[in-house]
Amino acid sequence: KKKKMITLENSKYEFVKVGRFVKSKAPLKVRFEGKDDEVTMELELCHEDIKKVGECVYLVTVDGVPVYVGEYSRTLESRWLRSGNYIWHNKDLLIVEEVKSGKRVDFYLAKNVYVMINEREVNISKSIEHDILQVEDLPWNKRNAKVDVSGVRRVSDFDFLIGA
């Protein structure tokens, strides 16, 4: 069964669907900042081992429309999951709202976050996330994500430095 793919319109990065957010059958009781609370959302993954995927860029869609892009450094589990598959993330209130209103909220991971440099594979997740934020207009990402690069130079601009 072929997994669902999505390609971002402007930046052209490809993402593969790995799960979706669902209301949990039983809320998870937690203590947060000294108060009792409960977590009501779970990330239902297409395979348990997806939790172990290392540094990557992720995409959240609502009814098929990309709304949020982010990046994590260690594993998917350490970034998104609180206990089992219950989610613990600063966007979870928006996710809860959309799922409760009957919308489908899916979770994708970037298909490829590696480039070869000096004959070594280097993970460029942070750069990919940054690049996407420059050219895509994703409603859940902060409005000030775009960076003004006018007047910014590169080392390679300076011939005397690199002996061109």
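Residues numbered from 1 in each chain as written. Predicted model: local features only at pLDDT ≥ 70, side-chain atom pairs only at ≥ 80, totals over all residues. Heavy atoms only, no water.

### Focus: the pairing of strand S10 (residues 120-123)
Turning to step 1, where the next piece is worked out: Relative to S10, strand S9 (residues 114-117) is paired through four bridges, and the arrangement is antiparallel. Of the residues in S10, the one forming a bridge with Val-115 is Val-122. (Pairing = 2+ DSSP bridges. Helix = DSSP H or I, 4+ residues; strand = E, 2+ residues; numbered from the N terminus.)

### What about the nonpolar core?
The nonpolar side chains of a soluble globular protein tend to be buried, and buried together.
Turning to step 1, where the next piece is worked out: By size, the foremost hydrophobic cluster in this structure holds 37 residues, and its most contacted members are Phe-15, Phe-21, Val-60, Trp-80, Ile-95 and Phe-107.
Turning to step 2, where the next piece is worked out: When residues of this core are traced back to their parent elements, those giving at least two are strand S2 (14-32), strand S3 (35-45), strand S4 (54-62), strand S5 (65-75), helix H1 (76-80), helix H2 (92-100), strand S8 (105-110) and helix H3 (125-135).
Turning to step 3, where the next piece is worked out: At six residues, S4 tops the list of elements feeding residues into this core. (Core = buried A, V, L, I, M, F, W, Y, C linked by side-chain atoms within 4.5 Å. Buried < 20%, exposed > 50% of the residue type's maximum accessible area, 1.4 Å probe, protein only.)

### Comments concerning unusual backbone geometry
Turning to step 1, where the next piece is worked out: Phi is positive for Lys-12, close to 70 degrees, though the residue is something other than glycine.
Turning to step 2, where the next piece is worked out: For Lys-12, the position within the fold is in the loop between strand S1 (5-7) and S2.
Turning to step 3, where the next piece is worked out: One non-glycine residue, Glu-119, lies in positive phi territory at about 60 degrees.
Turning to step 4, where the next piece is worked out: Residue Glu-119 is classed as exposed on the basis of its relative accessible area, which comes to 77%.

### A word on the pattern of salt bridges
Turning to step 1, where the next piece is worked out: As enumerated under the stated definition, the model contains nine salt bridges in all.
Turning to step 2, where the next piece is worked out: A salt bridge links Lys-52 to Glu-77; its shortest N-O distance comes to 2.8 Å. On the criterion of sequence distance, the pair formed by Lys-52 in the loop between S3 and S4 and Glu-77 in helix H1 is long-range, its members being 25 residues apart.
Turning to step 3, where the next piece is worked out: The exposure class of Glu-77 is partly exposed, given its relative accessible area of 26%.
Turning to step 4, where the next piece is worked out: Between Lys-103 and Glu-98 there is a salt bridge; the shortest N-O distance is 3.4 Å. (Salt bridge = Lys/Arg side-chain N within 4 Å of Asp/Glu carboxyl O.)

### Quick word on the environment of Lys-23
Turning to step 1, where the next piece is worked out: Among the structural elements, Lys-23 can be located in strand S2.
Turning to step 2, where the next piece is worked out: Sequence separation between Lys-23 and Leu-43 is 20 residues; the distance between their C-alpha atoms is 8.9 Å.

### Here's the deal with H2
Turning to step 1, where the next piece is worked out: Residues Asp-92, Ile-95, Val-96, Glu-98 and Val-99 constitute the buried set of H2.
Turning to step 2, where the next piece is worked out: A positive phi of about 90 degrees marks Gly-102, the residue just after H2.

### Describing the state of the cysteines
Turning to step 1, where the next piece is worked out: A complete count under the given rule lists zero disulfides for this structure.
Turning to step 2, where the next piece is worked out: Cys-56 takes part in no disulfide bond, and the closest cysteine sulfur to it belongs to Cys-46, at a distance of 13 Å.
Turning to step 3, where the next piece is worked out: Overall, the relative accessible area of 4% leaves Cys-56 in the buried class. (Disulfide = S-S within 2.5 Å.)

### Structural notes on the packing of aromatic side chains
Turning to step 1, where the next piece is worked out: Within the structure shown, the criterion is met by eight aromatic pairs.
Turning to step 2, where the next piece is worked out: Note on Phe-21 and Phe-107: the rings are 5.9 Å apart at their centroids and 90 degrees apart in plane angle, and the pair reads as edge-to-face. Of this pair, Phe-21 sits in strand S2 while Phe-107 sits in strand S8, and the two are 86 residues apart along the sequence.
Turning to step 3, where the next piece is worked out: Measuring from centroid to centroid gives 6.3 Å for Tyr-58 and Tyr-72, while their planes differ by 20 degrees, and the two rings are stacked. Taken together, the residues Tyr-58 in strand S4 and Tyr-72 in strand S5 connect sequence positions 14 residues apart.
Turning to step 4, where the next piece is worked out: The class of Tyr-72 is buried, set by a relative accessible area of 1%.
Turning to step 5, where the next piece is worked out: Three or more aromatic residues joined by ring pairs form one cluster here, namely Phe-21, Tyr-58, Tyr-68, Tyr-72, Trp-80 and Phe-107. (Phe/Tyr/Trp six-rings, centres within 6.5 Å; stacked < 30°, edge-to-face > 60°.)

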